Each structure stands twice: as structure tokens, then as C-alpha cells.
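# Summary of structural features
Residue-level listing of the chains:
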Amino acid sequence: MARPLPAFEAAEAPERPGELFVSWLLGALRAGVPDAQTMVLSTAGPDARVVVLREVDPAEGRWWFAGDAHSPKGRELAGDPRAALTFYWPALGRQVRVRGAVELGEPAGTAAAFRLLSPNSRIAALVGRQSEPLADPDEFSTAWANAAERLAADPDLVPEGYTRYAVRAAEVEFWQGAADRRHVRLHYRRTDSHGWRRELTWP
Ligand SMILES: Cc1cc2nc3c(=O)[nH]c(=O)nc-3n(C[C@H](O)[C@H](O)[C@H](O)COP(=O)(O)O)c2cc1C
């Protein structure tokens, strides 16, 4: 943290955490943070892995990602639909933590989102078998070629397990690091009325 970092005026933060998140994400993208839109997804396993943030919905307070329902993370989420997301943008000394229940995207929207992915992303998803042992790399090459053929024959193909997940935030925390270690933390908690309560926490 021994570098110039932005100030964070927590008293001026917006009412909804999604709005503050979008402004921090845009700041990270402008600052050239590599892969700023990726995050650590933690599940109840316990387990954790990096995934891409696909969409943020500030009005609903939902953070979206996508993956295979048959993967370990998909199975964990089916068994215990709660997750935490962690973003860290080193150039700005900023961390955001999101916690909440996991919801599934509608099938029609999921299929439409899948068809917007690059051809190689779609082929990778069609190959599937994520996290299974791979005995022989040639098997992967053959599966890739088969998936590429299937996609060429049917460009609208969507793998059965492809799933959009949203974390409906119950809590969101913004952490602004400071060179002098006087870090600032702002915590949002969803209230029953769908509003948000904001409070500072000790760093
Ligand atoms: C930068 C980056 C982005 C990734 N994005 C995704 C993603 O959006 N969805 C996904 O399923 N896996 C993504 N992965 C791979 C996951 O980290 C993980 O290896 C994979 O999903 C298997 O996890 P699981 O065994 O816990 O299911 C990404 C990995 C990295 C490093």
C-alpha cells in the first residue's frame, strides 16, 4: 500500500452498493487493472476459484457469473446456494466483498447470453467435463475438435449445463487501502424493505 492511492469519501457513498461498485469497477478499468472484471467466487465446500463478472444489476443488488452446473462449483452451489465474491484492484488499493444467496438465470436469457460468447468460449463450454482428471491431452484435442464440429453444424447450440448464476447480495463491503494504513471500510447490509443500511467498520 506504500503508493499513492485514491481517497474514499465514505460519507458521500451512494445509497445502493451496486452503484458504488460500478464506479469502482470503472475506475479499475480506467486505471488499467488487468482482468479487473474477474473475481474470486467462494462456495461453501469450502472452495474458491476465479470467474468472470458477467453483469451487475445495481437496482436488484445482484452480481452475475456463468459456469457449468455439472462442475464442482455447480454441484456445490446446487447443494448450498450461498456464495461470496471478492474483487481486488491493486493499482487502486481497493477490495470489494459481496455475500449472499445464489439465484439461477432464466433459461432463455442464459441461452441468449451463451450465443454472444466468442466461438472458442462456446467450444470450451461444449467440451465440458470441467475439473475431471485428464489422462491424455490428445483426448482433450479430440473432444475440442468434436465440439467445434457440433457448433459449426448448429451455431445455436447451448450446452445443457451452461448456467447463469447471480449472487443476490445480503452484504457488500468496500475497502479502500491507504499508504498510512488508515484504511477506510464501508459496509452495506440489505434491510427487510429492500433498502440498504450503511456503516463504517474498523479497519
Ligand atoms: C481469469 C479467469 C477467469 C475465469 N473465468 C471463469 C468463468 O467465468 N467461469 C468458469 O466456470 N470458470 C472460469 N475460470 C476457471 C475457474 O477458475 C475454475 O478453474 C473452473 O471453473 C473450475 O472450477 P470448479 O472445479 O471449482 O468448478 C476462470 C479462471 C481464470 C483464471
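Here is a short report on the structure shown in this document. Owing to the predicted nature of the structure, the values given are computational and were not obtained by experimental measurement.

### Details of the pairing of strand β7 (residues 162–176)
Successive residues of a regular strand alternate their side chains across the two faces of the sheet. Most of β7 sits inside the fold, with 13 of its 15 residues counted as buried. Strand direction decides the pairing type here: strand β4 (residues 62–68) and β7, joined by 7 bridges, are antiparallel. Paired with W64 across the two strands is A166, which belongs to β7. Pairing analysis gives 11 bridges linking strand β6 (residues 94–104) to β7, with the strands arranged antiparallel. Along β7, the bridge assignment pairs R97 with E173. Of the pairings in the sheet, the one linking β7 to strand β8 (residues 184–190) comprises 6 bridges and is antiparallel in character. Residue pairing for β8: Q176 is matched across the bridge by V184.

### Considerations on helix α4 (residues 119–127)
Three or more residues of α4 are buried, namely R122, I123, L126 and V127. The buried residues of α4 occupy an angular sector of 140° when projected down its axis, which confines them to one face. Turning to α4, the residues buried within the fold contact α3 (107–115) and α5 (137–153). Looking one or two residues past α4, G128 carries a phi angle of roughly 65°, positive in sign.

### Focus: the environment of H187
Among the structural elements, H187 can be located in strand β8. Placed 17 residues apart in sequence, H187 and A170 show a C-alpha to C-alpha distance of 11 Å. Excluding residues that lie within four positions of it along the chain, H187 makes contacts with R99, E171, V172, E173, R197, R198, E199 and T201. A polar contact of 2.9 Å, which involves the side chain of H187, links it to the side chain of E171.

### Things to note about unusual backbone geometry
Cis geometry is adopted by the peptide bond preceding P46, which originates at G45 and carries an omega value of 0°. Of note, P46 is situated in the loop between β1 (38–43) and β2 (47–52). You will see that D35, though not glycine, has its phi angle at about 50°, which is positive. Of note, D35 is situated in the loop between α1 (17–30) and β1. By relative accessible area, which is 54% here, D35 ends up exposed. Positive phi is not limited to glycine here, since S131 has a value of about 75°.

Conventions used here
- Residues numbered from 1 in each chain as written.
- Predicted model: local features only at pLDDT ≥ 70, side-chain atom pairs only at ≥ 80, totals over all residues.
- Heavy atoms only, no water.
- Buried < 20%, exposed > 50% of the residue type's maximum accessible area, 1.4 Å probe, protein only.
- Helix = DSSP H or I, 4+ residues; strand = E, 2+ residues; numbered from the N terminus.
- Pairing = 2+ DSSP bridges.
- Arc of directions from axis to C-beta.
- Contact = heavy atoms within 4.5 Å.
- Polar contact = N/O pair within 3.5 Å; in protein donor to acceptor, adjacent residues only side chain to side chain.

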